[in-house]
Amino acid sequence: MNSLTFLTIIFFPLFFLSTNPIYSQGFNCVTVPDETTIIAAGDSGKIYRSFDSGLSWNAIGSPVINYNSISSADFYTYLTAGNSRVYRTTTFASAALIDIMIPGNHVFNSVYFLNDSVGFVCGDNGIVFKTSNRGANWTQQNSGIQPSRLNSISFKDLNNGITAGDSGKVFITSDGGLSWTPVLPGTTKRLLKTKYFSDGIVISGEYGALFVKHGSSDWENINTRIISDIRSVTGMDINDVHICGGGGFIRNNRSGSSAFTNFESNPMMGGLTDINFYNSKTGYGVSRSNRAVIKTNDGGDTWQFTQGVYPTYIWERKISFALGSGNALCRHPHNRNTFFCGLGNRIYVSRNDGEDWSHIATVSSGVVMHSLYVSPVDTNIWVCAIEGSPDRIMRSDNYGSNWTISILGAFSTYGQPLEMDQNDPSVFYFAPDGGGFYKSTDNGNTFNLISNYPFSSPCDIIVMWDSSDVILLGDGPTDESGAKIFRSINSGVNWSLALDDSTGAEIPSMSNSVFEKNVIYSTEAGDNLFKSTDYGSSFHPFFEIGFLNWASGICEEDPTLIFDGMYGNSCYISSNSGVDWSFTRGVGNYAGLGILPASKDNILLFTTSGVYKLKTSYNGIVSVKEKIIASEIPDKFMLSQNYPNPFNPKTIISYQVPLLNFVLLKVFDVLGNEISTLVEGRHDPGNYEIEFNGSLLSSGIYFYSLAVGGSIVDTKRMVLLK
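Residues numbered from 1 in each chain as written. Predicted model: local features only at pLDDT ≥ 70, side-chain atom pairs only at ≥ 80, totals over all residues. Heavy atoms only, no water.

**Observations regarding the overall build of the chain**
Part 1 of the argument: Each helix and strand counted, the chain has zero helices and 65 strands in total.
Part 2 of the argument: Taken against the 2.2 N^0.38 rule, which gives 27 Å for 722 residues, the C-alpha radius of gyration of the chain at 29 Å falls within 12% of a compact globule.
Part 3 of the argument: Burial analysis of the chain (722 residues in total) assigns 60% to the buried set.
Part 4 of the argument: At a minimum sequence separation of 6, the contacts of the chain that also span at least 24 residues come to 48%.
Part 5 of the argument: Distance between charge centroids for the chain: 8 Å, based on 48 positive and 65 negative side chains. (Helix = DSSP H or I, 4+ residues; strand = E, 2+ residues; numbered from the N terminus. Rg over C-alpha atoms; globule rule 2.2 N^0.38 Å. Buried < 20%, exposed > 50% of the residue type's maximum accessible area, 1.4 Å probe, protein only. Contact = heavy atoms within 4.5 Å. Lys, Arg positive; Asp, Glu negative; His and termini not counted. Charge placed at Lys NZ, Arg CZ, Asp CG, Glu CD.)

Now the structure itself:
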């Protein structure tokens, strides 16, 4: 049974933060010192801490700098911020941030503490420092390390450690960092994260780089089949490793999945920058693009937000054009930030993930483009299906400057009759109206008839990942006898019927994934989204929307994220493989024709009116309950008068703590009844402030009292006027 959530789409600027490239709004790193404590840090001095599994948060006062790494051991947490300092705080309530200076002028990128005393930092120019007394003193220990940027450091015990960085540089130590030896995992990519488990090592990096070493065995170069960066590695042992990255995915290698193809459904519609597990069950994850924190209590089987958060989806129009049909969106095969789109007879390019587009080429002998491909074999080669007189397949071998006709043949008004074989990109397939199936083996230059099968009006073609023999074709019969899907197991020569649905008029789109090759989704011009779990041999109704299903999509980097678009202005989204669905609205009165979900934070929608990009925002973003306003140690306990006073409905209460102690701050009415406990817990020395919200109270006089170590320090009066 699918559950359904209806979400509102709005088009005015939001107060809360959306998932766009302004990364300063989110977090870069997260640590889990114990089962209920979380500390997350990001840019612009952002450090938030929760002691109740994310229900409420404190802000730790800090310099306005960008924190890039975090590590916890026992009661202490350490951070680096790309400067020559390390910062320390504790898991006590409202503990201050202590600035630890390391001699010299260095840039630190990673910190790792083994226990409450011994820790390491690494950074630019091959720098590694070690402390054995909680950061009071540091010793430079980078003998054997070549000058290079080091991005991550990890130790499994006091002797054995690893550090990794740019240009594939990796160094290991077996003497506690006194000397380091280079190792060669086999890459020149930038390595971003490493973790030394008791029984192995994992290193991750840019463009899907992932290396695993089991015990004393050789390094394994894992083909992750993604192009976004893998930014974090966590877990309990080498056979229970979790990775996450810019594609918004979380993957693990449990049950012998050496390629990390176990995907963990998670609701974060944004690139994940860090995940951290406290034990085999409890873990947390953060994103640079927002302040919503995700949590798992079952080892990653399910993830949810740490508080009452739900997403709001906004489809932002990026190109306005009135002649869209089929799905002429295309990703650059080698540049992950570049996308192409064909609208009318024009081709547009975006070089910043679909945010901005410019007209780059024109197909002169055509009217409306239905399909577009940029060849991975040679990116100068472009092939498209375009309406003309008659319809045709056109080809350019000079980046769209000039075009020639490859084959003529009428095709469906809304269809996508052209497909490139992703397993062999020199091969293209073409299915025109009225029967016949054509194949090109020369990058779309010439096509040959390989089957006379009597298709009526083909709408879409897909090729099975890793098996080009298996091809599926969605048909839209002109005799209105129903929507049909045909299947071939010999590269399109012979065909059999896999779906015959009389309730739908045609099959507008199909989608499949490299990660779940047995799963195929298909829309129909009727009520149902269909699903196959047997490589397209058969299909069954999977999700019913009661309107014309049209565009379908599976996220290229996380197959648990799927889309079902309507031939209208709406789209359904599921981030857990169709268990739950969210309804989005907001692309005007124009038909959604095709979806290109490159990653969870880069989803493009092709419509009859142009191109849209999905932006996701969250309500209930981490709220700051209390913050430190200065880390200087005061000379006495003191409670200040609230400001403003009188107030409506919010006011600020400040207080000072000169010694480590248990602090209690409560609010009472004039009869002495307790109204609220604002602060309760151990405090490091410092100056603090907290906001009190009286929106649920009546106008009148109230009192607030500060108690330390069980004794009342002071009580003050405040007035609420509404």
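**Details of the nonpolar core**
Part 1 of the argument: Of all hydrophobic cores here, the largest spans 31 residues; its most connected members are Ile347 and Trp357.
Part 2 of the argument: Taken together, the elements giving at least two residues each to this core come down to β31 (329-331), β32 (339-343), β33 (346-350), β35 (369-374), β36 (382-386), β55 (592-599) and β56 (602-607).
Part 3 of the argument: Here this core takes four residues from β32, the largest share from any one element.
Part 4 of the argument: For Trp357, the contacting residues outside a window of four places in its chain are Lys318, Ile319, Leu329, Phe339, Phe340, Cys341, Tyr348, Val349, Ser350, Leu604 and Val611.
Part 5 of the argument: In this structure, Ile250, Cys555, Leu605 and Tyr618 belong to the second largest nonpolar core, which totals 26 residues. (Core = buried A, V, L, I, M, F, W, Y, C linked by side-chain atoms within 4.5 Å.)

**Digging into the layout of surface pockets**
If you roll a probe as big as a water molecule over the atoms, it shows you where there is empty space left.
Part 1 of the argument: Of the voids in this model, the largest pocket is the one considered here, and its volume is about 1,400 Å³.
Part 2 of the argument: In terms of lining residues, the largest pocket is bounded by 42 residues, among which Arg331, Met420, Gln422, Trp465 and Glu556 are the most central.
Part 3 of the argument: Listing elements by their share of the lining of the largest pocket, those giving two or more residues are β31, β35, β39 (418-420), β43 (458-463), β47 (510-512), β51 (549-554) and β55.
Part 4 of the argument: Grouping the amino acids of the lining of the largest pocket by side-chain chemistry returns 24 nonpolar, twelve polar and six charged. (1 Å grid on protein atoms, 1.4 Å probe; cavity = no way out; pocket = protein on both sides within 12 Å on 5 of 7 lines; lining within 4 Å. Points joined across faces, edges and corners; volume = space filled by probe spheres on them. Nonpolar A, V, L, I, M, F, W, Y, C, P; charged D, E, K, R; others polar.)

**Focus: unusual backbone geometry**
For residues that are not glycine, phi is negative in most cases, and the peptide bond is trans in most cases.
Part 1 of the argument: The linkage connecting Tyr643 with the following residue, Pro644, adopts the cis geometry, with an omega of -5 degrees.
Part 2 of the argument: Structurally, the position occupied by Pro644 is in the loop between β59 (638-639) and β60 (650-657).
Part 3 of the argument: Each neighbour pair has its own omega, and for Asn648 with Pro649 the value is -10 degrees, a cis peptide bond.
Part 4 of the argument: Along the chain, the position of Pro649 falls in the loop between β59 and β60.
Part 5 of the argument: With a phi angle near 60 degrees, Arg225 is a residue other than glycine that sits in the positive phi range.
Part 6 of the argument: Residue position: Arg225 is located in the loop between β21 (220-221) and β22 (230-237).

**Concerning the side chain of Ser265**
Part 1 of the argument: Inspection of the secondary structure assignment puts Ser265 in the loop between β25 (262-263) and β26 (272-277).
Part 2 of the argument: In this view, Ser265 contacts Thr302, Trp303, Thr560, Ser575 and Asn576; residues no more than four positions away in its chain are not counted.

**Quick notes on the environment of Ser676**
Part 1 of the argument: Inspection of the secondary structure assignment puts Ser676 in strand β62 (residues 674-683).
Part 2 of the argument: Expressed as a C-alpha distance, the spacing of Ser676 and Phe171, which sit 505 residues apart in the sequence, is 54 Å.

**Observations concerning the sheet that holds strand β16 (residues 170-173)**
Part 1 of the argument: Here four strands make up an open sheet; going across it, the order is β14-β15-β16-β17 and the pairing antiparallel. On the outer flanks of this sheet lie β14 (150-155) and β17 (181-183), each paired with one strand and no other. When the angles between neighbouring strand axes are averaged without regard to direction, this sheet yields 25 degrees.
Part 2 of the argument: Relative to β16, strand β15 (residues 161-165) runs antiparallel, the two being bridged by four bridges. In the sheet register, Ile162 faces β16, and the bridge partner there is Ile172. (Pairing = 2+ DSSP bridges. Axes fitted to C-alpha atoms, helices over the stretch in contact; angles between N-to-C directions.)

**Notes on the sheet that holds β22**
Either a parallel or an antiparallel arrangement is found when strands of a sheet pair, and the pairing is made through backbone hydrogen bonds.
Part 1 of the argument: In spatial order, the strands read β22-β23-β24-β25; together these four strands make up an open sheet with antiparallel pairing. Only two strands of the sheet have a single neighbouring strand rather than two, namely β22 and β25.
Part 2 of the argument: Pairing between β22 and strand β23 (residues 240-245): six bridges, direction antiparallel. Counterpart to Ser232 in the pairing with β23 is Cys244.

**Quick look at the pairing of strand β52 (residues 562-566)**
Part 1 of the argument: Most of β52 is tucked away, with five of its five residues classed as buried.
Part 2 of the argument: Here β52 shows two buried faces, one formed by Ile562, Asp564 and Met566 and the other by Phe563 and Gly565.
Part 3 of the argument: Note: β51 against β52, four bridges, orientation antiparallel. Residue pairing for β52: Ser552 is matched across the bridge by Asp564.
Part 4 of the argument: As judged from the four bridges shared by β52 and strand β53 (residues 570-574), these two strands associate in the antiparallel manner. Along β53, the bridge assignment pairs Gly565 with Cys571.

**Regarding the pattern of salt bridges**
Part 1 of the argument: Overall, the coordinates contain 20 salt bridges when judged by the stated rule.
Part 2 of the argument: One salt bridge connects Asp124 with Arg149, and the closest N-O pair in it is separated by 3.4 Å. Within this pair, whereas Asp124 is found in the loop between β11 (119-123) and β12 (128-131), its partner Arg149 is found in the loop between β13 (139-140) and β14, the two being separated by 25 residues in sequence.
Part 3 of the argument: Taken together, the shared-partner salt bridges connect Glu316, Lys318, Glu355, Lys613 and Lys615 into one network. (Salt bridge = Lys/Arg side-chain N within 4 Å of Asp/Glu carboxyl O.)

**Brief notes about the state of the cysteines**
Part 1 of the argument: For the coordinates displayed, the defined rule picks out zero disulfides.
Part 2 of the argument: Counting only cysteine sulfurs, Cys244 is the nearest neighbor of Cys29, a cysteine outside any disulfide, at a range of 12 Å.
Part 3 of the argument: Of all cysteine sulfurs, the one in Cys341 lies closest to Cys330, which takes part in no disulfide; the gap is 9.9 Å.
Part 4 of the argument: Cys330 gets classed as buried once you look at its relative accessible area, which sits at 6%. (Disulfide = S-S within 2.5 Å.)

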